Amino acid sequence: MNGYKNTQAGTKAAKSCREQRKDSDNYPENENSRTNLLNRLYDEAAGDPRIFWENRATELLSCSRRWDTVVEGDFATGGLRWFSGAELNASVNCLDRHLQNGRGKKAALIWQGENESDATVFTYEMLHREVCRFANVLKKKGVAKGDCVSLYLPMVPELVVAILACARIGAIHNVVFSGFSSVSLQARLHQCKSKILITADAVNRAGRALPLKANADEALDDCPDIKSCVVVRCSKREVQMVPDRDSWFHEEMASPDIGDQCPAEEMAADDTLFILYTSGATGRPKAVAHSTAGYLLYVMYTCKVVFDLKEDELFWCTADIAWITGHSYSVYGVLGLGGTSLIYEGIPLYPDPGRYWSIVEKYKVNIIYTAPTVIRALMKFGTAPVEKYDLSSLRLLGSVGEPINAEAWRWYHDIIGKKKLRIADTWWQTETGGVMISPLVASPPEKAGAAAHPLPGISAMVVDELGQQVERGRPGRLVITSPWPGMFKEILRARKKTDRRGGAVTSTGYDTGDGARKDQDGYYWITGRVDDVINVSGHRLGTVEIESALLTHKSVAEAAVVGIPHSLKGQAVYAYVILKSSFEQSGELLEELRDHVRAMIGPVATPDVIQYAEMLPKTRSGKIMRRVLKKIAADEYEHIGDVTALADPSLIVDLVEGKKKH
Ligand code: 6R9
């Protein structure tokens, strides 16, 4: 049992949470007042962007020293910097100021365990105390301002506590998804040079406790820099504790020398709040760093403008906190605004496909923010699991992570939203920090699946390979054309790197790597990645990352990975493999290769199909023609396109034959 699970049982937790919030069963969005507000914001943003963002920062941020400038630099010269001169602390913005504003007894965080009776409500006061205590534990372990702390944890409240504790002492947090393998964890630990890892004994998944500490131990075998490992108790699983390195979270927290108060470090606006690894077009996961003031302002602003989060509302972002969505909308955005955030430990299908809706009913969730892959997985079970529950508390439905197909949109809208609720299909990325493009008022149904319009303060453009704006209705790449406070720190500095990202000339701004089309009515439609990144169930995976994993297997001479359409996952991984001559093609070897990728990266990267090949289509300059491989994998033989650049066009026939065997 973890330290928090026993503090309140499920029903008691639900009841107390309702008592702490005003009952907000019916919170219809008032379209008129909302349209007025949005018009005002758009008008303001059309003026001087500095004044626009300065006004937002004045409204939303608490700084101990005010900024001297709103933004310095631009895309053309680089050197972008937001709110220079300001000093602030993100944990003070998310906690202390709410205590001063009389929200101390208000629910800040509600945790629902996978087990129905495991649940806890943290008021702002309680969360503040836990965060201060853990910040003191980190300090005792020698963590100082600017150090990186890695967190490899499931969806337990300790994760939120640890994140905010890092922010409090100015340590940079690096959350690694608990579904990643020990190899992936180790690679990230090496890159970020953490001296400390916070992990758990196990992850509770569908009634079983899957080992996590054991994975961490494997990773730590070759991480001499990690001097301490703090372990959260989540199950009854036996774990090995390494003397002088490992300790239990609950024991550290209960130590008599750990106090309830911890002064917050004053951070410069531009100091890094956290890093998060994500897949890019290259093989190595890339660390995306976010600043303190710009990021925090942007997630709070978007939480307000996209979701219109109100004082008494309960916001449930279903994403794992290890992804940017969880960072921005389970933690910083909602808590920054003094709202109530719900997090859930388990999966949507356990113990049955009604689980999400039972949680909505139990806690009277007002805003649910989930992913198309979840909706597609639940749709399969029909409406019965939904109809068992009262969903009348819901006011707004959010979607993120991948394009939402029309069928899923319709089901979300009709069955969950009872044809009444707005769907915020939010487009954004780890790099953008928060939502960039979203419908802000109810969209006409014929626009189901359009990400709609850039938010007030955001400017976008669809460009061709040369960076020229394309006509409405034509496809191109999505570029963000003016700086925004939530931008990741790399673009702040090095414009050249942004240029290299997609190879296109981007004198216009930040090239997102996504394809898009702006229709005749000015709605943006996102069509998916145009670079070597694929999106499996909303998880970003680099094709090169998976190829590199395959190449570490003794039998593999060459590998090429592409994404293929998949009805549930959006995209699935399809791999072509050329074996070394001393290895025989066999079904067992295919299984071994799948397991190998799973062990190297994690279950989400496991290829759905691996096809043996004798040769891969390459251009005369030796580049693998993924475009061709993608068409073959998707059975689109007629549309293979121009293969004249191929060194040996005849091998296409062999590949198609090979494909047909699958
Ligand atoms: C927030 C998040 C970013 C990539 C992004 C795009 C895809 C996200 C989307 C969407 C279409 C949406 N994506 N939201 N595509 N419509 N509403 O998911 O960040 O993990 O960095 O992924 O996800 O391809 O470039 P991240």
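Predicted model only: the values in this text are computed from it and were never measured.

What counts and how
- Residues numbered from 1 in each chain as written.
- Predicted model: local features only at pLDDT ≥ 70, side-chain atom pairs only at ≥ 80, totals over all residues.
- Heavy atoms only, no water.
- UniProt positions renumbered as here; feature names shortened; annotations may be inferred.
- Helix = DSSP H or I, 4+ residues; strand = E, 2+ residues; numbered from the N terminus.
- Phe/Tyr/Trp six-rings, centres within 6.5 Å; stacked < 30°, edge-to-face > 60°.
- Buried < 20%, exposed > 50% of the residue type's maximum accessible area, 1.4 Å probe, protein only.
- Axes fitted to C-alpha atoms, helices over the stretch in contact; angles between N-to-C directions.
- Left-handed = near helix turned anticlockwise from the far one by under 90°.
- Contact = heavy atoms within 4.5 Å.
- Nonpolar A, V, L, I, M, F, W, Y, C, P; charged D, E, K, R; others polar.
- Disulfide = S-S within 2.5 Å.
- Near = heavy atom within 4 Å.
- Polar contact = N/O pair within 3.5 Å; in protein donor to acceptor, adjacent residues only side chain to side chain.
- Areas by Shrake-Rupley, 256 points an atom, 1.4 Å probe, with all protein chains shown as cover.
- Pairing = 2+ DSSP bridges.

Trainee: Would you explain the UniProt feature "domain: Acetyl-coenzyme A synthetase N-terminal" (unreviewed entry) in the chain in this entry?
Mentor: Taking the numbering used here, the UniProt-annotated feature "domain: Acetyl-coenzyme A synthetase N-terminal" (unreviewed entry) corresponds to residues 40–94. A helix fraction of 44% and a strand fraction of 20% characterise residues 40–94, whose end C-alpha atoms lie 27 Å from each other.

Trainee: What is the right way to look at the packing of aromatic side chains in this model?
Mentor: The way to describe two aromatic rings as a pair is by their centre distance and the angle between their planes. A full pass over the atoms with the stated rule returns 28 aromatic pairs. The interplanar angle of 85° and the centroid separation of 6.0 Å between the aromatic rings of Phe 52 and Tyr 301 together place this pair among those described as edge-to-face. Of the two residues, Phe 52 sits in helix α3 (residues 49–60) while Tyr 301 sits in helix α10 (residues 293–307), which places them 249 residues apart along the sequence. Judged by its relative accessible area of 3%, Tyr 301 falls in the buried class.

Trainee: Any chance you could explain the packing of helix α5 (residues 124–140) against helix α6 (residues 157–169) here in plain terms?
Mentor: Describing two packed helices takes the angle between their axes plus the distance from one axis to the other. Relative to each other, α5 and α6 sit at 65°, their axes nearing to 8 Å. Note on packing geometry: the crossing formed by α5 with α6 is right-handed. On α6, the residues that touch Leu 127, His 128, Glu 130, Val 131, Cys 132, Phe 134, Ala 135, Leu 138 and Lys 139 of α5 are Val 161, Ala 162, Leu 164, Ala 165, Cys 166, Arg 168 and Ile 169. By residue class, the composition of the contact of α5 with α6 is 12 nonpolar, one polar and three charged.

Trainee: I keep staring at the state of the cysteines and nothing clicks. Help me out?
Mentor: Here a disulfide denotes one covalent bond, and it connects the sulfur atoms of two cysteines. Under the counting rule described, the total for this entry stands at zero disulfides. Considering cysteine sulfurs only, Cys 229 is the nearest to Cys 234, which forms no disulfide, with 13 Å between them. In this structure Cys 303 is a free cysteine whose sulfur lies 9.4 Å from that of Cys 317, the closest cysteine sulfur available. On the accessibility criterion, Cys 303 (0% relative accessible area) is buried.

Trainee: Hey, could you run me through the site of the ligand in this one?
Mentor: The local shell around the ligand holds 17 residues, among which Thr 426, Thr 430, Asp 514, Arg 529 and Arg 540 are the closest. One of the side-chain N or O atoms of Asp 425 is found 2.8 Å from a nitrogen atom in the ligand. Here Arg 529 contributes a side-chain N or O atom positioned 2.7 Å from an oxygen atom of the ligand. With the chains in place, 96% of the 530 Å² that the ligand exposes on its own is no longer accessible. Mapped by element, the contributors of at least two residues to the shell around the ligand are α11 (324–336), β20 (422–426) and β26 (524–529). For the shell around the ligand, a count of residues per class yields six nonpolar, six polar and five charged.

Trainee: Is there a simple way to explain the sheet that holds strand β18 (residues 367–370) in this structure?
Mentor: Remark on secondary structure: sheet strands pair via backbone hydrogen bonds, oriented parallel or antiparallel. Pairing within the open sheet is mixed, and its seven strands lie in the order β5-β4-β17-β16-β18-β19-β20. Every interior strand has two partners, whereas the edge strands, β5 (119–123) and β20, have only one. Averaged over all neighbouring strand pairs, the angle between strand axes comes to 20°, with direction disregarded. Sheet analysis places strand β19 (residues 396–400) next to β20, joined by five bridges and oriented parallel. In the sheet register, Leu 397 faces β20, and the bridge partner there is Ile 423. Contacts from helix α12 (residues 355–363) reach β4 (107–112), β5, β16 (314–317), β17 (340–344) and β18 within the one sheet, and its direction differs from that of β4 by about 145°.

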